[in-house]
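Inside the fold
The residues making up each chain are set out below.
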Amino acid sequence: MELEHKSPPSAGAVRPRRLRRTAALRRMVQETRLSPDDFIYPLFIRHGHDLQLPIRSMPGQSQWSVDRVTEEARSAYRLGIPAVLLFGIPESKDACGSDNYDPNGIIPTAIRAIKDAVPEMIVISDMCFCEYTDHGHCGIINQPGEAHYNPRLPEGYLLNDPTLELLARASVVHAEAGADMIAPSGMLDGMVRAIRTGLDAHGLDHVLVLSYAAKYASGFYGPFREAAESPPQFGDRSQYQMSPANQREALKEVALDVAEGADMIMVKPALPYLDVVSAVRQVHNLPVAAYQVSGEYAMLQAAAANGWLDLRRCALETLTGIKRAGADLIVTYFAKEAAQWLTE
């Protein structure tokens, strides 16, 4: 069969492929750039000595004892990662999560140890109660016979304002231990204002608030609940976390937290909500973070373990997509690996 003769494009024709011809050209015109400076590394910390307990559903991640987590933080900092986000697993739990506001609790203890070992590392304290309560919800629940019981609300309902008091109290304890940033993640009404007021009243006005301003009731948190040992003992968290169907509500939640004094805002999860990240970025000028959550991480790990995809390539592709959508910072369990890949 004869090929049909076509005239070459006229002079001046647009040829985008010219910009993709060589690796050097592709690097030169790259629009979105990842750096270890973009990453926040989550760490799970528990009581004990010389512990590094692998998390089955999150290959490559572990629960750490305080004496071991300092070296992990130092290792991350050497790779150029500027911040860690701490989650605590207490020795014992109770109805009000008292370990969270105990100056000798697991996270205040870990904060002091990390700041002593790596003073330059930014230490962020995840501020919630689900890991600390025996019922697995993010604060005080409505229970007959308890001091804050409200018969007009369902039994088991998360009580908003009594929990705000505990959030403020725990935030002060963590900040006094040396936390640079408090990250409230419970999606309670007024949580940023309560924490900001508590910090300022104790002379801690230099401590930042990174609000999980748009946190969705997501199925992608499954592996985290094993890692933090925090599954709810009844019901779910849909009464306070957001419906995955809603974007306009996210913008409302973010605007409220900004008005209450948040220094930075977060969208969680990341990949299923890139439209929300983008919308928040377009409306607000504060630094925007996105959390690549445990399920996102575990999916890539599982697919790679089965030989279905290239872990390095796909992890960096997802991180680039999150940043391209508008995130300034990315909380990711790939932080150390990605930092190494980017320097190779």
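Residues numbered from 1 in each chain as written. Predicted model: local features only at pLDDT ≥ 70, side-chain atom pairs only at ≥ 80, totals over all residues. Heavy atoms only, no water.

**Comments concerning a positive patch on the surface**
Together, Arg-15, Arg-17, Arg-18 and Arg-20 give the surface a local cluster of positive charge. On the secondary structure map, Arg-20 appears in the segment before helix 1 (23-28). Classification of Arg-20 as partly exposed rests on a relative accessible area of 48%. (Patch = residues over 30% accessible without salt bridge, like charges linked within 9 Å, V, L, I, M, F, W, Y side chains within 5 Å. Areas by Shrake-Rupley, 256 points an atom, 1.4 Å probe, with all protein chains shown as cover. Salt bridge = Lys/Arg side-chain N within 4 Å of Asp/Glu carboxyl O. Lys, Arg positive; Asp, Glu negative; His and termini not counted. Charge placed at Lys NZ, Arg CZ, Asp CG, Glu CD. Helix = DSSP H or I, 4+ residues; strand = E, 2+ residues; numbered from the N terminus. Buried < 20%, exposed > 50% of the residue type's maximum accessible area, 1.4 Å probe, protein only.)

**Brief notes about the side chain of His-174**
Considering the arrangement of structural elements, one finds His-174 in helix 4 (residues 160-177). Accessibility expressed as a relative area gives 0% for His-174, which makes it buried. There is a polar contact of 2.5 Å between the side chain of His-174 and the side chain of Ser-125. Other than its neighbours up to four places away in sequence, His-174 contacts Asn-100, Ile-107, Pro-108, Ile-111, Ser-125, Met-127, Ala-179 and Ile-182. (Polar contact = N/O pair within 3.5 Å; in protein donor to acceptor, adjacent residues only side chain to side chain. Contact = heavy atoms within 4.5 Å.)

**Remarks on helix 11 (residues 335-343)**
Among the residues of helix 11, Ala-335, Lys-336, Ala-338, Ala-339 and Trp-341 are the ones counted as buried. For helix 11, the elements touching its buried residues are strand 1 (39-46), helix 2 (66-78), helix 10 (311-325) and strand 10 (329-332).

**Observations regarding the pairing of strand 6 (residues 181-184)**
In strand 6, alternate side chains face the same way, and those of Met-181 and Ala-183 on one face and Ile-182 and Pro-184 on the other are all buried. Taken together, strand 5 (residues 122-127), helix 4 and strand 6 form a β-α-β motif whose crossover is right-handed. Sheet topology note: the strand 6/strand 7 (residues 208-215) ladder contains two bridges and is parallel. Within the sheet, the bridge partner assigned to Ile-182 lies in strand 7 and is Val-209. (Right-handed = clockwise from strand over helix to strand, strands pointing away. Pairing = 2+ DSSP bridges.)

**Regarding the packing of helix 10 against helix 11**
Running from amino to carboxyl end, helix 10 crosses helix 11 at an angle of 100 degrees, the nearest separation of the two axes being 11 Å. One finds that helix 10 runs roughly perpendicular with respect to helix 11. Across from Leu-311, Arg-312, Ala-315, Leu-316 and Leu-319 in helix 10, the residues of helix 11 making contact are Ala-338, Trp-341 and Leu-342. (Axes fitted to C-alpha atoms, helices over the stretch in contact; angles between N-to-C directions. Parallel < 35°, antiparallel > 145°, perpendicular 65-115°, else oblique.)

**Regarding the nonpolar core**
Residues Phe-44, Leu-85, Leu-86, Leu-199 and Tyr-291 are the most contacted members of the largest nonpolar core, which totals 108 residues. When residues of this core are assigned to their parent elements, the largest contribution, seven residues, is made by helix 4. Non-local contacts of Phe-44, meaning those with residues more than four positions away in its chain, are made with Ile-55, Met-58, Ser-62, Gln-63, Trp-64, Phe-87, Ile-89, Phe-224, Ala-227, Ala-228 and Tyr-333. (Core = buried A, V, L, I, M, F, W, Y, C linked by side-chain atoms within 4.5 Å.)

**Considerations on the pairing of strand 7**
Of all the eight residues making up strand 7, seven are buried; the element is thus mostly covered by neighbouring parts of the structure. Regarding the hand of the β-α-β motif, the stretch spanning strand 6, helix 5 (residues 191-201) and strand 7 is right-handed. Judged from the four bridges that link them, strand 7 and strand 8 (residues 264-268) form a sheet pairing that is parallel. Bridge pairing in strand 8 places Lys-215 opposite Lys-268.

**Side note on the environment of Tyr-297**
Here Tyr-297 shows up in helix 9 (residues 294-305). When the C-alpha positions of Tyr-297 and His-206 are compared, they lie 33 Å apart, and in sequence the two are 91 residues distant. Sequence-distant contacts of Tyr-297, defined by excluding residues within four places in its chain, comprise Met-58, Pro-59, Gly-60, Gln-61, Tyr-333 and Phe-334. At a separation of 2.4 Å, a polar atom in the side chain of Tyr-297 contacts the main-chain carbonyl oxygen of Pro-59.

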